Amino acid sequence: MVVELIEQIKNLNEKELLSYWIRGEYEEAETYWKLAERAKELGLPEEVVQTFKRLGDESKRHGDELYEIYREQYGEDLAEVKIASLEATHVLGKFWKVEDLPDVLQNAMEAEKLAETIYRKLAEECNKDELREIYLRLADIERGHYEALRKLMGD
């Protein structure tokens with residue numbers, strides 16, 4: 001699945017690629033904010049709630065940064081891209097009780113690791129310096145998200 005996803009992403013032009021990542025970052029932000037709400041409802045430690053909230057805020061900021069680059073080059077309307085979201089962790093529905101937290105964290109960590117891997121792969125194959133730098137910065141950010149989640153796991 002990962003190889004297929006990378007191939008689909010590699011076939012996108014720059015406009016489509018930026019659109020894809022912008023939407024992905026906004027989806028990731030929404031997921032983390034909902035995880036923060038659910039963690040609070042479940043009475044989990046404030047560190048868990050705040051970590052999810054911070055990751056959501058960071059993802060929104062990354063989406064905004066990418067959208068700014070996109071608007072400068074292509075205008076307001078994002079291109080339509082029919083590829084599954086890389087970071088749509090689909091873990092929220094599994095987060096019903098405190099005991100679900102380790103699975104939720106594990107799934108979120110896997111999604112962050114996958115995003116980092118794909119960003120680095122795209123950076124390696126990118127011909128444009130500005131876009132390569134963006135991919136590498138995003139890969140580092142995804143690594144930071146992974147580490148924050150890993151810390152919550154107690155590893």
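Residues numbered from 1 in each chain as written. Predicted model: local features only at pLDDT ≥ 70, side-chain atom pairs only at ≥ 80, totals over all residues. Heavy atoms only, no water.

A. Spatial organisation of the overall build of the protein chain. Scanning the protein chain for helices and strands turns up 5 helices and 0 strands. Secondary structure elements in the protein chain, listed N-terminal to C-terminal, are α-α-α-α-α. Relative to the compact-globule value of 15 Å for 155 residues, the protein chain shows a C-alpha radius of gyration of 16 Å, a close match. With the C-alpha coordinates aligned to their principal axes, the bounding extent of the protein chain is approximately 45 × 30 × 25 Å. Counting every position in the protein chain, which comprises 155 residues, the buried fraction comes to 46%. Counted over contacts in the protein chain with a minimum sequence separation of 6, partners at least 24 positions apart contribute 76%. (Helix = DSSP H or I, 4+ residues; strand = E, 2+ residues; numbered from the N terminus. Rg over C-alpha atoms; globule rule 2.2 N^0.38 Å. Buried < 20%, exposed > 50% of the residue type's maximum accessible area, 1.4 Å probe, protein only. Contact = heavy atoms within 4.5 Å.)

B. Molecular detail of the environment of N107. Mapped onto the elements, N107 comes out in helix 4 (residues 101-125). In the structure, N107 is positioned 89 residues away from L18 in sequence and 25 Å away in space, judged by C-alpha atoms.

C. Region of the structure containing the packing of aromatic side chains. By the definition in use, this model includes 6 aromatic pairs. Measuring from centroid to centroid gives 6.2 Å for Y32 and F52, while their planes differ by 25 degrees, and the two rings are stacked. Here Y32 is found in helix 2 (residues 14-41), whereas its partner F52 is found in helix 3 (residues 46-74), with 20 residues between them in sequence. Taken together through their ring pairs, the aromatic side chains of Y20, W21, Y119 and Y135 make up a single cluster. One residue, R71, lies across the ring of Y67, its end atom 4.1 Å from the ring centre. Sitting over the ring of Y146, K113 keeps its end group 5.3 Å from the ring centre. (Phe/Tyr/Trp six-rings, centres within 6.5 Å; stacked < 30°, edge-to-face > 60°. Lys NZ or Arg CZ within 6 Å of the ring centre and 35° of its normal.)

D. Highlighting the packing of helix 2 against helix 5 (residues 129-153). In the contact formed by helix 2 and helix 5, the axes pass within 13 Å of each other and the chain directions differ by 20 degrees. Taken as axis vectors, helix 2 and helix 5 run roughly parallel relative to one another. For the element pair helix 2 and helix 5, the recorded crossing hand is left-handed. Taken together, the residues of helix 5 that come into contact with helix 2 (itself represented by E14, L17, L18, W21, E25, E28 and Y32) are L131, Y135, L138, E142, H145 and L149. Among the residues forming the contact of helix 2 with helix 5, the class breakdown is 8 nonpolar, 1 polar and 4 charged. (Axes fitted to C-alpha atoms, helices over the stretch in contact; angles between N-to-C directions. Parallel < 35°, antiparallel > 145°, perpendicular 65-115°, else oblique. Left-handed = near helix turned anticlockwise from the far one by under 90°. Nonpolar A, V, L, I, M, F, W, Y, C, P; charged D, E, K, R; others polar.)

E. Layout of the confidence of the model for the protein chain. Scored by pLDDT, the protein chain comes out at a mean of 85, with 91% of its residues at no less than 70. The secondary-structure element of the protein chain with the lowest mean pLDDT is helix 1 (residues 2-10), recorded at 75, while helix 3 shows the highest, at 93. (pLDDT = per-residue confidence, 0-100.)

F. Quick peek at the pattern of salt bridges. All told, the structure shown has 16 salt bridges when counted by the stated rule. For the salt bridge of D57 with K53, the shortest nitrogen-to-oxygen distance reads 3.1 Å. Taken as a pair, D57 and K53 lie in helix 3 at a separation of 4 residues, close to a single helical turn. Of the residues examined, D57 reaches a relative accessible area of 27% and is grouped as partly exposed. By sharing partners, the salt bridges in this structure join E116, R120, D140, R143, E147 and R150 into a single network. (Salt bridge = Lys/Arg side-chain N within 4 Å of Asp/Glu carboxyl O.)

G. Summary view of empty space enclosed by the protein. Under the counting rule described, the total for this entry stands at 1 cavity of 30 Å³ or more. Taken as a whole, the largest cavity encloses approximately 30 Å³ of empty space. If you trace the largest cavity, you find it lined by L17, L18, W21, L66, L131, I134, Y135 and L138. Looking at the lining of the largest cavity, the elements that each hand over two or more residues are helix 2 and helix 5. The element that contributes the greatest number of residues to the lining of the largest cavity is helix 5, accounting for 4 residues. Of the residues contributing to the lining of the largest cavity, the split by class is 8 nonpolar, no polar and no charged. (1 Å grid on protein atoms, 1.4 Å probe; cavity = no way out; pocket = protein on both sides within 12 Å on 5 of 7 lines; lining within 4 Å. Points joined across faces, edges and corners; volume = space filled by probe spheres on them.)

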